[in-house]
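Observations on the model geometry
Chain residues, written in single-letter form:
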Amino acid sequence: MISRCLIVFLCILVSSLSAEIVEHPFPEQLEWSGQWIGLDVERDAEYAPPVYLAKTFKVEGAIKEAIFYVSGLGIFDPYLNGERITESWFSPGWTDYNKRVYYRAFDLSDSVQQGDNVLGAILADGWYSGHIGWTKFKRNHYGTKPRFNGVLVLEMTDGTQQVVSTDDTWQGRTGPQAYASFLRGERYDARLDSTAWSVEENAGSAWRSVDTGSEMTPLIQPHPSPRIITFAELPALSVDMREAGHHIFDFGQNFAGVVRLNLANTKAGQEIKIRYAERLKDDGEMYVENLRSAEATDYYICKGGASESWTPRFTFHGFQYVEVSGVTEAPDLGLVTGLAISNDTRKVYAFESDHPLLNQLVSNIYWTQRANFISIPTDCPQRDERLGWTGDAQAFVGTAAYICDVRQFFNKWLTDLRDSQFENGQIPMVAPAKVVNRPGGPGWSDAMTIVPWELYERYGDRSILEDNYEAMRKYVDFLVTQSRPGLLPPEKFHSFGDWLNHKADTPRDVIYQSYFAYSASLVARSAEVLQRPEDVVKYTQLAEAVRASFVEAHVDSEGKIYGKNNKGKRAGDTQTCYVMAIAFDLLQGEALAQAKLHLVRKLEERDGLLSTGFLGTRDLLHALSLSGRDDLAYGLLLEQRYPSWLFPVTHGATSIWERWDGWTPERGFQAISMNSFSHYAYGAVYEWMVQRVGGIYPTASGFTEYTIAPVLPPDIRDENAMLKQVSFSFDSPVGLIRSEWKQIDGDTVDFVVEAPAAGQGVFRVDVPTAARIEIDGEPAAIVDDVYTQPLVAGVNRFRLVYD
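Here is what the cut-offs are and how they apply
Residues numbered from 1 in each chain as written. Predicted model: local features only at pLDDT ≥ 70, side-chain atom pairs only at ≥ 80, totals over all residues. Heavy atoms only, no water. 1 Å grid on protein atoms, 1.4 Å probe; cavity = no way out; pocket = protein on both sides within 12 Å on 5 of 7 lines; lining within 4 Å. Points joined across faces, edges and corners; volume = space filled by probe spheres on them. Nonpolar A, V, L, I, M, F, W, Y, C, P; charged D, E, K, R; others polar. Pairing = 2+ DSSP bridges. Helix = DSSP H or I, 4+ residues; strand = E, 2+ residues; numbered from the N terminus. Axes fitted to C-alpha atoms, helices over the stretch in contact; angles between N-to-C directions. Contact = heavy atoms within 4.5 Å. Left-handed = near helix turned anticlockwise from the far one by under 90°. Core = buried A, V, L, I, M, F, W, Y, C linked by side-chain atoms within 4.5 Å. Buried < 20%, exposed > 50% of the residue type's maximum accessible area, 1.4 Å probe, protein only. Polar contact = N/O pair within 3.5 Å; in protein donor to acceptor, adjacent residues only side chain to side chain. Expected span 1.5 Å × (residues − 1). Phe/Tyr/Trp six-rings, centres within 6.5 Å; stacked < 30°, edge-to-face > 60°. Salt bridge = Lys/Arg side-chain N within 4 Å of Asp/Glu carboxyl O.

Some words on the layout of surface pockets
The volume enclosed by the largest pocket comes to roughly 920 Å³. Of the residues contributing to the lining of the largest pocket, the split by class is 14 nonpolar, 8 polar and 10 charged.

Re the sheet that holds strand E35 (residues 705-708)
The 4 strands are arranged E34-E35-E39-E42 in an open sheet whose pairing can be described as mixed. Two strands close off the open sheet at either side, each with one partner strand: strand E34 (696-698) and strand E42 (786-790). Looking at each pair of strands side by side, their axes are set apart by 20° on average, direction ignored. Sheet analysis places E34 next to E35, joined by 3 bridges and oriented antiparallel. Residue pairing for E35: proline 698 is matched across the bridge by tyrosine 706.

Considering the sheet that holds strand E40 (residues 771-775)
In spatial order, the strands read E27-E36-E37-E38-E43-E40-E41; together these 7 strands make up an open sheet with antiparallel pairing. The outermost strands of the open sheet, each flanked by one partner alone, are strand E27 (349-353) and strand E41 (778-779). In the packing of helix H16 (residues 685-693) onto the sheet, contacts are made with E27, strand E36 (725-732) and strand E37 (735-745), and the angle to E36 comes to roughly 105°.

Remarks on the packing of helix H11 (residues 575-583) against helix H12 (residues 589-605)
Between H11 and H12, whose axes approach to 9 Å, the crossing angle comes to 145°. Crossing handedness for the pair H11 and H12: left-handed. Residues Gln575, Tyr578, Val579 and Ile582 of H11 touch H12, and the partners they reach there are Leu592, Ala595, Lys596, His598, Leu599, Arg601, Lys602 and Leu603. Within the contact of H11 with H12, the residues separate by chemical class into 7 nonpolar, 2 polar and 3 charged.

As for the nonpolar core
By size, the foremost hydrophobic cluster in this structure holds 200 residues, and its most contacted members are Phe410 and Tyr686. The element that contributes the greatest number of residues to this core is helix H9 (residues 508-529), accounting for 12 residues. The residues contacting tyrosine 686, other than those within four sequence positions of it, are Tyr349, Ala350, Phe351, Val362, Ile365, Thr399, Tyr402, Ile403 and Phe728. In this structure, Val41, Phe76, Val112 and Trp170 belong to the second largest nonpolar core, which totals 27 residues.

Regarding the side chain of serine 627
Mapped onto the elements of the fold, serine 627 is located in the loop between helix H13 (614-626) and helix H14 (630-638). Residue classification places serine 627 among the buried residues on the basis of a relative accessible area of 16%. At 2.8 Å, the side chain of serine 627 forms a polar contact with the backbone oxygen of alanine 623. If near-sequence neighbours (up to four positions away) are discounted, serine 627 is found in contact with Ile582, Lys596 and Leu599.

As for the packing of H11 against H13
Where H11 contacts H13, the axes come no closer than 8 Å and their chain directions differ by 65°. Where H11 crosses over H13, the two elements pack in a sense that is left-handed. Together, Gln575, Thr576, Val579, Ile582 and Ala583 of H11 and Gly616, Asp619, Leu620, Ala623 and Leu626 of H13 make up the contact between the two elements. Taken together, the residues of the contact of H11 with H13 break down into 6 nonpolar, 3 polar and 1 charged.

Some points on unusual backbone geometry
For residues other than glycine, phi is negative in most cases, and the peptide bonds are mostly trans. Cis geometry marks the peptide bond from alanine 431 to proline 432, where omega comes out at -5°. Along the chain, proline 432 falls in the loop between helix H6 (407-420) and helix H7 (447-459). Residue proline 643 is bonded to the preceding tyrosine 642 through a cis peptide linkage, with omega at -5°. Along the chain, the position of proline 643 falls in the loop between H14 and helix H15 (646-650). In this structure, phenylalanine 90 takes a positive phi of about 60° despite not being glycine. By the secondary structure assignment, phenylalanine 90 is in the loop between strand E6 (83-84) and strand E7 (100-107).

So, H12
Side chains of residues three or four places apart in an α-helix project in the same direction, reflecting 3.6 residues per turn. Helix length check: H12 (17 residues) gives 25 Å between terminal C-alpha atoms against 24 Å at 1.5 Å per residue, within 8%. Residues of H12 that are buried: Ala591, Gln594, Ala595, His598, Leu599, Val600, Arg601, Lys602 and Leu603. Of the residues flanking the end of H12, it is aspartate 607, one or two places downstream, whose phi is positive at about 60°.

Things to note about the packing of aromatic side chains
Scanning the model with the defined rule gives 61 aromatic pairs in all. With a centroid separation of 5.7 Å and an interplanar angle of 40°, the aromatic rings of phenylalanine 90 and phenylalanine 316 are classed as tilted. Placement of the pair is phenylalanine 90 in the loop between E6 and E7 and phenylalanine 316 in the loop between strand E24 (305-310) and strand E25 (317-325), with a sequence separation of 226 residues. The burial state of phenylalanine 90 is the same as that of phenylalanine 316; both residues are buried. Geometrically, the ring pair formed by tryptophan 657 and phenylalanine 677 is edge-to-face, given 5.1 Å between the ring centres and 90° between the ring planes.

Section: the pairing of E25
Taken residue by residue, a regular strand's side chains alternate between the two faces of the sheet. Burial analysis of E25 places 9 of its 9 residues in the buried class, which makes it a mostly covered element. Summarising the sheet, strand E19 (residues 246-266) and E25 pair through 8 bridges and their orientation is antiparallel. For histidine 247, the partnering residue across the bridge sits in E25 and is valine 324.

With respect to the pattern of salt bridges
As enumerated under the stated definition, the model contains 49 salt bridges in all. Taking the shortest distance from any N to any O, the salt bridge between glutamate 271 and arginine 187 comes out at 2.7 Å. Linking glutamate 271 in strand E20 (residues 271-277) with arginine 187 in strand E13 (residues 185-189), this pair joins segments that are 84 residues apart in sequence. Exposure remark for arginine 187: the relative accessible area of 25% places this residue in the partly exposed category.

If you want it as structure tokens, here you go:
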């Protein structure tokens, strides 16, 4: 028999105390006393019900502070006296559970009551033992027995201390969820959590002693990353009432999360089925083939009554549309509400222009980032994959930091990356390294050097380099040891190439040496920051040697770049070949000048269209700017033909697609084997937009020094210019930076720059012949056709006037 206080825990499952503390270290004077507890219920390939764990305890005396420290192998919702303690999702997140697991801390000082209380948790598989990856129903990647671990520390006003920890005195049972899986969905029977449960009936017999002990004993550490939250609620914009009793709701935005179901006049046992999809077919039905084996379906069995509401708690989906079946009445839009979830990375950007498609593109980048920043930076949130692909992360991290404050989020993932590093220094394809624990290869493994450096430049946090330097160095040393004489690539190595390029396959050996040189240079720069002079010399010389080897092996007398394809035949001369050579500073003098011309030539051969994949696209517009061809960069940015960034936007995209041809009018949907509509890699273009269109970039790490140097479109004076007005805001580490420009008429462009009190900013703009800069109507001094002016805190105004 158990207490009525414990019954309350199961009866009230919708309210929340919202008591989370992001940073609250476990008391040094105490040892972590919690045991790993769970309930080893019957499990098979498909069936894994979440379990309910609870313990009653009594408090006598005044409480000064009550902190509940919780961790888990699996994911959990913690409870106190029948109320969910936090609205956070999926605690404690995904890590390499063999090595470490994180805890969260909750302040319950105002919630623990005098007398009887009950601590509890609902524990589900999550990433620990749930479905991960693309093999249908493959689970138990870390273990088979989810576990919960918690310690409640009560400091009393009289100086005494009471500690309530997880141990064998806790009790457990199954509950309303038949199963909860990231890939399958969640099935919930509301009849099993009704207030009809009572001690006198069957509650006592349903509970039993918990199982203790875990399959592993990882380090328990404070969580370094922001919690996962519901950051937006989206109402349904329309509903299409289809035949056979299923109704399709459109939220108008592709996002990751679940829906809240709001029902009226239900019957006990009535089953509601909710399916999720990113796109619709031509006939208006759900396009779910691209989900592969992910079922992405939730079920709710009604309790019955005038009204009831339900939200899945232990799953998420990537979707814009939901199909609801099982309702008996014609639904209104209020039947479902979309809950968009993501790590709580603070939004730091604002963008607006007079180009609606460009505005939508930037919105798509933001939403795709949020949809894929759930515990780790994933490739996609919808299909049977959702892995921490290293190549995607390194391609996008620069943009990500201009969109949200991702310092803590990526710091946590870099720990996952270091935990996944092979003994020989190689870096895997994904981190945490599950499903595909194999070498990532060039452009993927290099996330180990690129991500820490990008974060250091953006945030100025030296500790990022300190934490990752040895792993960075170890990776580059691995590249040296596996090289052939002359620092050439080994005969055999894995490479994804320029992933999902458009009919322009860049040779793997060209990519390998390009990234080898780039990573070596980043280690050299990091060594300089960390004041390791011997390593500065060593890795600077290595980078120079790899550059020389690259030139000798791949650059011909005309400056064209070639390598060997998978069949050993001469290949190359692609846009990405020249993008990497220019952006990674691999060439000098005449060879560099030729590469810039060849990049332009390759664009012209494609009628001004891009052909780059995940690797080349990241730096394509940067390379054009370095080539003095911002005009071509603008042309690519604003292009609407296929393939381009705006092509999906013209066809209703509300997120960034995995591939340029995810859908085309001529061919419809791409192959279902790989066709995500929420993949952030191509969204890397926003970094160029901020730095060239808005002109905002750091000249010292952390924006302690920065420059605002907007580059205007080539047709800015035309009456029919495609882009006449933009506004960028970036909440940088030194404060809010805003850069705006607007064409007043064909002869005048106004600039408005807002500078924070911290940091040293400079405004710089190229002044064309027969033009001048005015401040308050007075001409300003121009040197060598460039106007430069230190910024003052507050709003700075400049006017470009064409004579």
